[in-house]
Protein chains: 2
Amino acid sequence: MELYAERGFDSTSVAEIAERAGLTERTFFRHFADKREVLFYGSKALQEFLVGGVEDAPQSLAPIEVIVSALVGAATGFFEERREFARRRQAIIAANTELQERELIKLASLASALASALRKRGVPDQTASLAAEAGISLFKVAFQRWVDDDGESSLAHIIEQSLREMRAVTAGQRRPAPAGAAQRHPGHLRPSSRSPNRSE
Amino acid sequence: MELYAERGFDSTSVAEIAERAGLTERTFFRHFADKREVLFYGSKALQEFLVGGVEDAPQSLAPIEVIVSALVGAATGFFEERREFARRRQAIIAANTELQERELIKLASLASALASALRKRGVPDQTASLAAEAGISLFKVAFQRWVDDDGESSLAHIIEQSLREMRAVTAGQRRPAPAGAAQRHPGHLRPSSRSPNRSE
């Protein structure tokens, strides 16, 4: 990560990584197929974590709530402590097209694993696809906001806020209500203990 | 397309494509960077079409409605006449990981172009991202359904239906109501002339 940040992903060789880490190249390749995979090392664990979250979610939750609870679980158990790491990683990925593509593939396979996990809970095929795709879309937007954010908002909080905004957006509102702020079309939103403050 | 369908994408060479089309390889490469790009030839035109649809949409529409009207416009003006082509193309892509990755990149850049076009209409940053991502998610699901569908439903119709389902899913319904059918939690949804029939 240090080398990628210092001199760019393309200009860093496996030999240099191995040297910085005090390993042989041979050992490097025992752990990673190539230097790109260093940045995607956690993907499998993340997917298992999310699928586990879907499996363990209470049966009373609606599909999108199952997905969001799994995402919030991963935010707390996976990302929250590693914001600086996530920031550096995101900056490296943003600077390289090949890495962006790899990241898209990761997100697409997360969506597909989440949709399968929903189907195993008895969620109909189409609903499972839509809930998983919508969930990954909002995760993508929330994650970027968390990484860009200078404030102290937790990723879990931003994900929950993004769900409310996604609801408002798909319902056809002009703009999502910021957390706790006035809502333009309150009738469009699901009644929620979190929302009101209709001071507008 | 014939060659890709007959013998698979990987086993087809540019020389063979050029021969089948009665062209020289040189002419092929004047039009396409590589054999993959043959399948993504329409991407640029599609993106321009969609962005044009966003620019031309009435100011009265909410962001998600702008996106969906652009998608419906593309469905009618771009895809409807080419269902057999779309089917064959989708089958070729589904059989090849590299092509699936390229398709993901295409969809991600469509989402990003649509979000920019919304921002130019004055839609706030975050709303624009969420509406564009949600729109592309539902397009992905709708397109696959259209390609798989044996029936006579138009892509435009399936897109509009998928928007209603996406609304129901993000609102936290257990399963989306099929067009005109009973809703489990009617209170979660935006009141709409399309919804009721609360016979459950």
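None of these values were measured; they are calculated from a predicted model.

Chemist: I'm lost on the interface of chain B and chain A in this one. Help?
Modeler: By convention, interface size is frequently given as the accessible area that disappears when the constituent parts associate. Contact residues are listed per partner, giving 40 residues for chain B and 40 residues for chain A. A combined buried area of about 3,400 Å² lies between chain B and chain A, and 64% of that area is made up of carbon and sulfur atoms. In this structure, glutamate 133 of chain B and lysine 140 of chain A form a salt bridge, with 3.3 Å as the shortest nitrogen-oxygen distance. At the junction of chain B and chain A, the tally comes to six residue pairs in polar contact (both at pLDDT 80 or more). Sorting the residues of the side of chain B that touches chain A by element identifies helix H5 (63–79), helix H7 (97–120), helix H8 (125–148) and helix H9 (155–171) of chain B as the ones contributing at least two each. Ranked by residues supplied to the side of chain B that touches chain A, first place goes to H8 of chain B with twelve residues. Classifying every residue of the side of chain B that touches chain A gives 19 nonpolar, eleven polar and ten charged.

Chemist: What is the right way to look at the packing of aromatic side chains in this model?
Modeler: Two numbers describe a pair of aromatic rings. These are the distance of the centres and the angle of the planes. Tallied over the full model, the rule gives 20 aromatic pairs over all chains. Between the aromatic rings of phenylalanine 28 of chain A and phenylalanine 29 of chain A, the centroid separation amounts to 5.3 Å while the plane-to-plane angle is 90°, which identifies the pairing as edge-to-face. Three or more aromatic residues link up through ring pairs in this structure, and these residues are Phe49, Phe78, Phe79, Phe139, Phe143 and Trp146 of chain A. A cation over an aromatic ring shows up here: arginine 89 of chain A above the ring of phenylalanine 40 of chain A, its NZ or CZ 4.9 Å from the ring centre. Lying across the ring of phenylalanine 85 of chain B, arginine 82 of chain B places its NZ or CZ 4.8 Å from the centre.

Chemist: What's the story with helix H8 (residues 125–148) of chain A in this structure? I'm lost.
Modeler: Given 3.6 residues to a turn, an α-helix orients residues that are three or four positions apart in the same direction. When the terminal C-alpha atoms of H8 of chain A are compared, their 35 Å separation across 24 residues agrees well with the 34 Å that a helix rising 1.5 Å per residue should span. Extensive coverage of H8 of chain A is indicated by the burial of 19 of its 24 residues.

Chemist: Before we go on, may I ask you to explain the environment of glycine 172 of chain B in this structure?
Modeler: Residue and element names in this part refer to chain B. With respect to the helices and strands, the residue glycine 172 is situated in the segment after H9. The class for glycine 172 is buried, based on a relative accessible area of 2%. Here the alpha-carbon distance between glycine 172 and alanine 142, two residues 30 residues apart in the chain, equals 20 Å.

Chemist: Explain the nonpolar core to me, please; I cannot follow it from the model alone.
Modeler: If you look at soluble globular proteins, the nonpolar side chains tend to sit buried side by side. Grouped together as the largest cluster of nonpolar side chains are 92 residues, with contacts concentrated most on Ile159 of chain A together with Ile159 of chain B. Not counting the four nearest positions on each side in its chain, isoleucine 159 of chain A is found in contact with Val68, Leu71, Val72, Ala75, Leu138, Phe139 and Ala142 of chain A.

Chemist: When you look at the confidence of the model for chain A in this model, what are you seeing that I'm missing?
Modeler: Predicted coordinates in areas of low pLDDT are best not read in detail. Residues and elements named next belong to chain A. For chain A, per-residue confidence averages 86 on the pLDDT scale, and 86% of positions sit at 70 or higher. Contacts for the low-pLDDT stretch residues 179–200, under 50 throughout, to residues beyond four places or in other chains number 38 contacts. Model confidence for the complex: the whole-complex pTM is 0.82, and ipTM, which rates the interface, is 0.79.

Rules used in this analysis
- Residues numbered from 1 in each chain as written.
- Chains lettered and ligands numbered in written order.
- Predicted model: local features only at pLDDT ≥ 70, side-chain atom pairs only at ≥ 80, totals over all residues.
- Heavy atoms only, no water.
- Contact = heavy atoms within 4.5 Å.
- Buried area = accessible area lost by both parts, 1.4 Å probe.
- Salt bridge = Lys/Arg side-chain N within 4 Å of Asp/Glu carboxyl O.
- Polar contact = N/O pair within 3.5 Å; in protein donor to acceptor, adjacent residues only side chain to side chain.
- Helix = DSSP H or I, 4+ residues; strand = E, 2+ residues; numbered from the N terminus.
- Nonpolar A, V, L, I, M, F, W, Y, C, P; charged D, E, K, R; others polar.
- Phe/Tyr/Trp six-rings, centres within 6.5 Å; stacked < 30°, edge-to-face > 60°.
- Lys NZ or Arg CZ within 6 Å of the ring centre and 35° of its normal.
- Expected span 1.5 Å × (residues − 1).
- Buried < 20%, exposed > 50% of the residue type's maximum accessible area, 1.4 Å probe, protein only.
- Core = buried A, V, L, I, M, F, W, Y, C linked by side-chain atoms within 4.5 Å.
- pLDDT = per-residue confidence, 0-100.

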